Amino acid sequence: MNEKIKYTPQGFSYIDITIFDCLSWGGLGICDGCGKPHKELKLIYVLHDTYCNKCFDTWLKRSAKYSKEDIEYDLEIQKENHIQWYKYHGVI
Ligand SMILES: [Zn+2]
């Protein structure tokens, strides 16, 4: 278990990151939801995206409506790959 990894109520993992983390892998700190730059963002494995806090909240509400089967499927893949993905981005 890595203490930097947090989980949504559905079990999707994410990590709080800053624009400096984004810059380190060549990102620009742009939210993939609203397309605007932010200083604080969240890196979300299951989406392979970076979201600002506002878009993250919107996604949380949206993901609450995902079917149980879809969530189980996503979580199975997440379990196998997310640590490596976060490591690749240098955030854990
Ligand atoms: Zn956004």
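Since the model is a prediction, treat every value here as computed from it, not as a measurement. (Residues numbered from 1 in each chain as written. Predicted model: local features only at pLDDT ≥ 70, side-chain atom pairs only at ≥ 80, totals over all residues. Heavy atoms only, no water.)

1. Re the environment of Phe 12
Its place among the elements puts Phe 12 in the loop between β1 (6–7) and β2 (13–18). Taking the C-alpha atoms as reference points, Phe 12 and Leu 47, 35 residues apart in sequence, are found 9.4 Å from one another. Each residue touching Phe 12, except ones within four places of it in the same chain, is listed here: Lys 6, Tyr 7, Val 46, Trp 59, Ser 63, Tyr 66, Ile 71, Asp 74, Leu 75 and Gln 78. (Helix = DSSP H or I, 4+ residues; strand = E, 2+ residues; numbered from the N terminus. Contact = heavy atoms within 4.5 Å.)

2. Overview of the pattern of salt bridges
Per the stated rule, a full pass over the model turns up four salt bridges. Asp 16 is paired through a salt bridge with Lys 6; the nearest N and O atoms lie 2.3 Å apart. Taken together, the residues span a long stretch of sequence, with Asp 16 in strand β2 and Lys 6 in strand β1 at a distance of ten residues. Judged by relative accessible area, which is 33%, Asp 16 ranks as partly exposed. In the salt-bridge network here, residues are joined through shared partners; they are Lys 6, Asp 16 and Lys 42. (Salt bridge = Lys/Arg side-chain N within 4 Å of Asp/Glu carboxyl O. Buried < 20%, exposed > 50% of the residue type's maximum accessible area, 1.4 Å probe, protein only.)

3. Thoughts on the environment of Gln 10
Structurally, the position occupied by Gln 10 is in the loop between β1 and β2. Using a relative accessible area of 18% as the deciding quantity, one classes Gln 10 as buried. Separated by 31 residues in sequence, Gln 10 and Leu 41 place their C-alpha atoms 19 Å apart. Every residue in contact with Gln 10, bar those within four places of it in the chain, is listed here: Leu 60, Ser 63, Ala 64, Ile 71 and Leu 75. A polar atom in the side chain of Gln 10 sits 3.3 Å from the side chain of Ser 63. (Polar contact = N/O pair within 3.5 Å; in protein donor to acceptor, adjacent residues only side chain to side chain.)

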